[in-house]
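Commentary on secondary and tertiary structure
Here are the chains, one letter per residue:
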Amino acid sequence: MAPMASEIALAFYDYLGRDEEMRAILWEVPGRVERLYQSFADWYRGLFCGKYDAGYAEKRARIGLVHAAVGVKPSFIMPAFGIVQELSLEHLRNALRSPEVFGAVEAFEKIMAIEAALMQDSYMQAMEYGYRLGAAADQALVAGARAILGKAH
């Protein structure tokens, strides 16, 4: 699956870039998109690392907090996960023989469910923390994520 990382990164950011607000976030900082392509490829390869422990979960939760801290809403990320899933499943169906496909698809879907849950949980923690800080509803996610990330250093 690792060779698919670049192709899937292109599709992922192409999808996100269709939204005006998300496009502004992506291109707000010079060089951000280029760094994100590499980060995405690393994230994607990590999906298949085979070790899903507390360290894995912490790293993935941090990714969610970083997204929240720069203003990326869950409504942007979760549909983009669908792009990852669709292209990955298509590759699995094309690359594997019939008996191998079912187990691979099941494993991949479990990994993606874990990823989505970790992402959603980090967003919920950021939102909750932002509210506890007294941030307004439209600022709670970003404020909470930034505060949590600031405490980690």
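Above this note sits the structure.
Report follows, based on the coordinates. None of the values given here were measured: they were computed from a predicted structure.

Core analysis: the largest hydrophobic core is formed by 45 residues, its most contacted members being Phe12, Leu16, Phe40, Trp43, Tyr44, Leu47 and Val84. The set of elements that each furnish at least two residues to this core consists of α1 (5-16), α2 (20-27), α3 (32-46), α4 (54-69), α5 (74-95), α6 (98-132) and α7 (140-152). A total of 11 residues in this core trace back to one element, the largest contributor, which is α6. In this view, valine 84 contacts Ile8, Phe12, Phe40, Trp43, Tyr44, Phe108 and Met112; residues no more than four positions away in its chain are not counted.

Glancing now at the environment of glycine 71. Tracing the sequence through the fold places glycine 71 in the loop between α4 and α5. Exposure remark for glycine 71: the relative accessible area of 16% places this residue in the buried category. Through-space distance from the C-alpha of glycine 71 to that of glutamate 34 is 18 Å; in sequence the pair is 37 residues apart. Once residues within four sequence positions are removed from consideration, glycine 71 is found in contact with Ile25 and Val142.

One can find arginine 60 in helix α4. Given the relative accessible area of 5%, arginine 60 is considered buried. For arginine 60, the side chain forms a polar contact with the main-chain oxygen of tryptophan 43, separated by 2.9 Å. Excluding residues that lie within four positions of it along the chain, arginine 60 makes contacts with Trp43, Gly46, Leu47, Glu115 and Leu118.

Before going further, it helps to spend a moment on the pattern of salt bridges. For the structure shown, the criterion picks out 8 salt bridges. The partner of arginine 18 in a salt bridge is aspartate 14, with the nearest N and O atoms 2.9 Å apart. Judged by its relative accessible area of 42%, aspartate 14 is partly exposed. Arginine 60 is paired through a salt bridge with glutamate 115; the nearest N and O atoms lie 2.8 Å apart. Separated by 55 residues along the polypeptide, arginine 60 in helix α4 and glutamate 115 in helix α6 bring together distant segments of the chain. We note that arginine 60, like glutamate 115, is buried.

Parameters and conventions
- Residues numbered from 1 in each chain as written.
- Predicted model: local features only at pLDDT ≥ 70, side-chain atom pairs only at ≥ 80, totals over all residues.
- Heavy atoms only, no water.
- Core = buried A, V, L, I, M, F, W, Y, C linked by side-chain atoms within 4.5 Å.
- Buried < 20%, exposed > 50% of the residue type's maximum accessible area, 1.4 Å probe, protein only.
- Helix = DSSP H or I, 4+ residues; strand = E, 2+ residues; numbered from the N terminus.
- Contact = heavy atoms within 4.5 Å.
- Polar contact = N/O pair within 3.5 Å; in protein donor to acceptor, adjacent residues only side chain to side chain.
- Salt bridge = Lys/Arg side-chain N within 4 Å of Asp/Glu carboxyl O.

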